[in-house]
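An overview of the molecular structure
Letter by letter, the chains look like this.
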Amino acid sequence: MIKGMRGLSFKEDLIFEKSREGAKGYSLPKLDVPKADPAKTIDKKFLREGKIGLPEVSEVDVIRHFTKISLWNYAVDYGLYPLGSCTMKYNPKINEITSSLPGFADAHPYQPYSISQGALELMYNLEKALMEITGFSRVSLHPAAGAHGELVGMMLIRRYLEDQGNPRKKVLIPDSAHGTNPASAAICGYEAVELKSNSEGMLSLSDLEAALDKDVAALMLTNPNTLGVFEKNIKKICEMVHKVGGQVYMDGANMNALMGIMKPGKSGVDVLHLNLHKTFSTPHGGGGPGSGPVAVAKHLAPYIPKPVIEKNDKGEFYLDYNPEKSIGRVRSFNSNFAILVRAYTYILSCGSDGLKESTEHAVANANYIRKKLSKYYDLPYETSTLHEIIFSDKIQEKFGVTTKDIAKRLLDLGYHPPTIYFPLIVHGALMIEPTESESKQELDGFIEAMIQIAQEAEKEPEKCTEAPHNTVVGRLDEVTAARTPILKWEPEKE
Amino acid sequence: MKYLPNSGKEFDEILKEIGVGSVDELFKVIPEELRLTKPLDLPEGKSEVEVLDILRNLSDKTAGVSKYSSFLGAGAYNHYVPTTVGSLISRAEFYTAYTPYQPEVSQGTLLAMFEYQTMMCHLTGMEIANASLYDGASATAEAVLMADRIQRKKNKIVMSEGIHPEYLETVKTYLWNLPIEIVTVPLQADGSTDMNALKNAADDSTAIIMAQSPNFFGVIENIEAIAGAAKEKKILFGQIITEVYSLGMLKAPGAFGVDIVVGEAQSMGNKLNYGGPYLGFIATTDDLKRQLPGRLIGMTKDNRDQRGFVITLSTREQHIRREKATSNICTNEALCATMAAIHMSTIGEAGVKEVAEHCHSKAVYAHQALEKTGKVKFPHSGPYFNEFVVDVGKNGKDIVEKLTEKKIIAGFPLIYYYPERENQILMAFTELNTKEQIDRLAAELGGAL
Amino acid sequence: MYPANYLFTDEHEWLDVDGLEGVCGITDFAAEQLGDIVFVELPEPGDTFSKGETFGTIESVKAVSDLYMPVDGEILAINEDLENSPELVNSSPHEDGWMIKIAIKDESQLEELMNSKTYEKFVEDQKE
């Protein structure tokens, strides 16, 4: 059944527009020490005068405002969220309970180790679990997100190569890669060189051969890549890169296709980042926070960011602030710890059997959609795929309906659209990743919606081109937003 | 507990429909030599009851600051978070949503971000604030990279030694691979940045001067003087703030002509979480907006002439500009920013000022109480907001550990980063520290020395 | 459709030559491909670039393109109107949407550019 949007859609002002002088939504304990006059110790010219400009509202106002606007969001808890390469799987509720346990939520990162053993043990255990899942020798839990992990990975490679005598100049990146790959390479002082994908949607060995020379520091490879295709030559690819003295970085955004099936660390790859907010069920939070641990082969292990977690002879955990070869710090404190708690909870819940089954269900669900929709949508690459499928709008475009229209029409029918216009190598790409969290029933509903849109595109294209009709706002004017940006609220001038 | 809605029967139907006999066939695209032949060496899946038990156990082995009298700050502060924050943020519409790339079904996140941006502008006195960065340290690195883009031909960064040591280290790591020189400027006796040294260090090749205020040692810097020195030499000035509640009492950086304000906004509605996730922020002037890293939310209209919000100026970002992007950041700290927006709405105009007043008053009271013990010294005489350094005359780490046994976390022993400050402890005070706690700190510390 | 007296590059810039000076912009075809232009970043007068070098960038909502110098030269003036009205590139690509005025360093390079007929054919080929 297609579950089109129904129900209440509230109108709501900005919190600033609800502000009324003197309204208060908080209470503090009475000040139990003498009130200090800041002017006694701080030069008056450094003290704030007048209003800050924050809202003045009651607690009820705050609750109603944010509750109402929350209803303008689609969410995983509403239904299928098939964003390709984003792995929008269900976020188990137990994760939210465990991450807010007082020992974790109220722990200060600098409190003595003697009263931090549980948190440190959790980090230690999570590192070990991720090592086992990925097949690497060491994991750093520092990176705050996937792109941060990529950056750290490239920094590790650069520092390692420097120690070998030459950091080199170039990083090879397939044209199907995420934009974060070239951006991360650039911050590391590398020139990004693009490699074209072949007709199977894989990296071409002959093109790779031609691009490889002594200036190549690394190849950044996503596997399975953003077309959902497993780079079957991965071992050979790693050998080729290693032969010229380069390193292989694997973008692990698509690790949900591999858990319990294969270990990237055993395929010749030197460094990998994970997205705990994709593969390990931690929530996306409307764009973060995430966590992007980096797993490395033995030769890169001495370089991981500091501080590193260690266990002493007495079985006590501590952070080593000065490992000799570390690249240094990449953030404050030690990690996005509350995200680690969630991921660790997930790994314990699923266990070795559950992780593998998750991958199996994710891949089966993707292939089911592929099978059911390939009659209606163009499949630009015939190659078998794992956890995601890429269609294009080639068939619908003939009727004047593009990928954007298909996406917007899906909103009317009650589903979040897939990732669109990515990867860049597919014109009008629709990249669908259902994850293991969807039942056959839910998938059938989505498939039915997609088929309806394909039919509408042919017969009533305006239903698509004018969509969405049922959402709280219609298509937004992004051109004006970019030409004359309004990036903060200001009262309307009279 | 597995989170797999398909029963065995449905799963079989799916496989049948795909046309495979077993699920293993779907993985044949992976060469056989790479496929695992035995299960991962991890325990089997556990029930909710068992998992909760394990995690509760680990939590119990870690002490939350609520069970202690904690005077730890040093970049992460224990503030009151109103119950509205926890209640609203547990709405799945906020925490289980993706990055708002489809604005028609993401107006909740987009509006919350827009409100957050506006609040950060007001707090900092700047014209533009982005929708968040990872944390204060990486945000500082982003500010330096931003300055380097703006001042293309200049390749020197001048940084005060009053900056959080982990921020300084992070900047060094980020810049390691780039042709940018970092010069640090020492502090003078009162604990503020040495202005003469700063003026000497900053020259025509300097892209930006970075200083933190209140600085890592709690001392309020002379922002007016630093901004003036920077302006004179046409150098950008970036101010770092790790305790944003200070802005409830101190004049906004924008009033002094600061170009970039960057730092950590954890204090606004985010728990301590043993170090993260926190809330990196960056704010700047309208002129520099196109060099800002990270996401920006803008206000516009829809095709029905209704107000709406979208991600805008996204050509700066990695998914479009790739290697030429202003940053590689994609996922940010949106939920932490939403928490900050709810926090700042609830606490509001009056509350932010009142909390700041409490923090300052407690610190002043503590300063007097500690002084009365006659056993400690205060190495820095500069003005402070809610944090200051105490010299206890003995190894600070030992003293902190000793007091921990008395359920007091006295502060951050500076020996971790500054061997020469062996006997010094950095102490922070917030509205959550009661008079009784402070009196006990003074008494126990006095007793231990 | 393309002004007969203009010269064109294969990166879709046009150059209107007047003696040793030239005015440069992007063609209607390029503007159309980019969609609604939201921002044009231009160099400062006095900057010099060689042929093929990037002298600026042009942005639509979801794309950025580099602008390439048609010949070696020094920037004499830039179209200041584009700062507040980038849409001129869409509405009048060959006139009001001009971008830079340059002092041409090496006249012989002009011979390497296409005339309007050749360019028109070049665009037709690109469309296929």
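As a reminder, the structure under discussion sits directly above these lines.
Residues numbered from 1 in each chain as written. Chains lettered and ligands numbered in written order. Predicted model: local features only at pLDDT ≥ 70, side-chain atom pairs only at ≥ 80, totals over all residues. Heavy atoms only, no water.

1. Some points on unusual backbone geometry
- Between A:Lys306 and the following residue, A:Pro307, the backbone shows a cis peptide bond with an omega angle of 0°.
- You can see A:Pro307 is positioned in the loop between β7 (294-296) and β8 (308-311).
- At the junction of B:Ser213 and B:Pro214, the peptide bond is cis and its omega measures out at -10° in the coordinates.
- Mapped onto the elements, B:Pro214 comes out in the loop between β5 (206-212) and α9 (223-232).
- With a phi angle near 55°, A:Phe333 is a residue other than glycine that sits in the positive phi range.
- Relative to the assigned elements, A:Phe333 resides in the loop between β9 (317-320) and α9 (337-373).
- On the basis of relative accessible area, A:Phe333 is assigned to the buried category, the value being 3%.
- In the Ramachandran plot, B:Lys407 falls in the positive-phi region, its phi being about 65° despite a non-glycine side chain.
- Relative to the helices and strands, B:Lys407 is located in the loop between α12 (396-404) and β12 (408-409). (Helix = DSSP H or I, 4+ residues; strand = E, 2+ residues; numbered from the N terminus. Buried < 20%, exposed > 50% of the residue type's maximum accessible area, 1.4 Å probe, protein only.)

2. With respect to the pairing of strand β7 (residues 260-264) of chain B
Residues and elements named next belong to chain B.
- A large share of β7 lies buried, amounting to 5 of its 5 residues.
- As paired elements, strand β6 (residues 236-241) and β7 share 4 bridges and run parallel to each other. Looking at β7, one finds that Ile 241 is bridged to Gly 263.
- Pairing analysis gives 5 bridges linking β7 to strand β8 (residues 280-284), with the strands arranged antiparallel. (Pairing = 2+ DSSP bridges.)

3. Description of the sheet that holds strand β7 (residues 64-68) of chain C
Residues and elements named next belong to chain C.
- Pairing within the open sheet is antiparallel, and its 3 strands lie in the order β4-β6-β7. The sheet terminates laterally at β4 (37-41) and β7, the two strands that pair on one side only. Across the sheet, the mean angle from the axis of one strand to that of its neighbour is 25°, orientation sign disregarded.
- Two elements, β4 and strand β6 (residues 54-60), share 4 bridges in a ladder whose sense is antiparallel. Each bridged residue has a counterpart across the sheet, and for Ile 37 the counterpart in β6 is Ser 60. (Axes fitted to C-alpha atoms, helices over the stretch in contact; angles between N-to-C directions.)

4. Section: a negative patch on the surface
Residues and elements named next belong to chain C.
- On the surface, a cluster of negative charge is made up of Glu 80, Asp 81, Glu 83, Glu 95 and Asp 96.
- Looking at the element boundaries, Glu 80 is found in the loop between β8 (73-78) and α2 (81-84).
- Since its relative accessible area comes to 55%, Glu 80 is described here as exposed. (Patch = residues over 30% accessible without salt bridge, like charges linked within 9 Å, V, L, I, M, F, W, Y side chains within 5 Å. Areas by Shrake-Rupley, 256 points an atom, 1.4 Å probe, with all protein chains shown as cover. Salt bridge = Lys/Arg side-chain N within 4 Å of Asp/Glu carboxyl O. Lys, Arg positive; Asp, Glu negative; His and termini not counted. Charge placed at Lys NZ, Arg CZ, Asp CG, Glu CD.)

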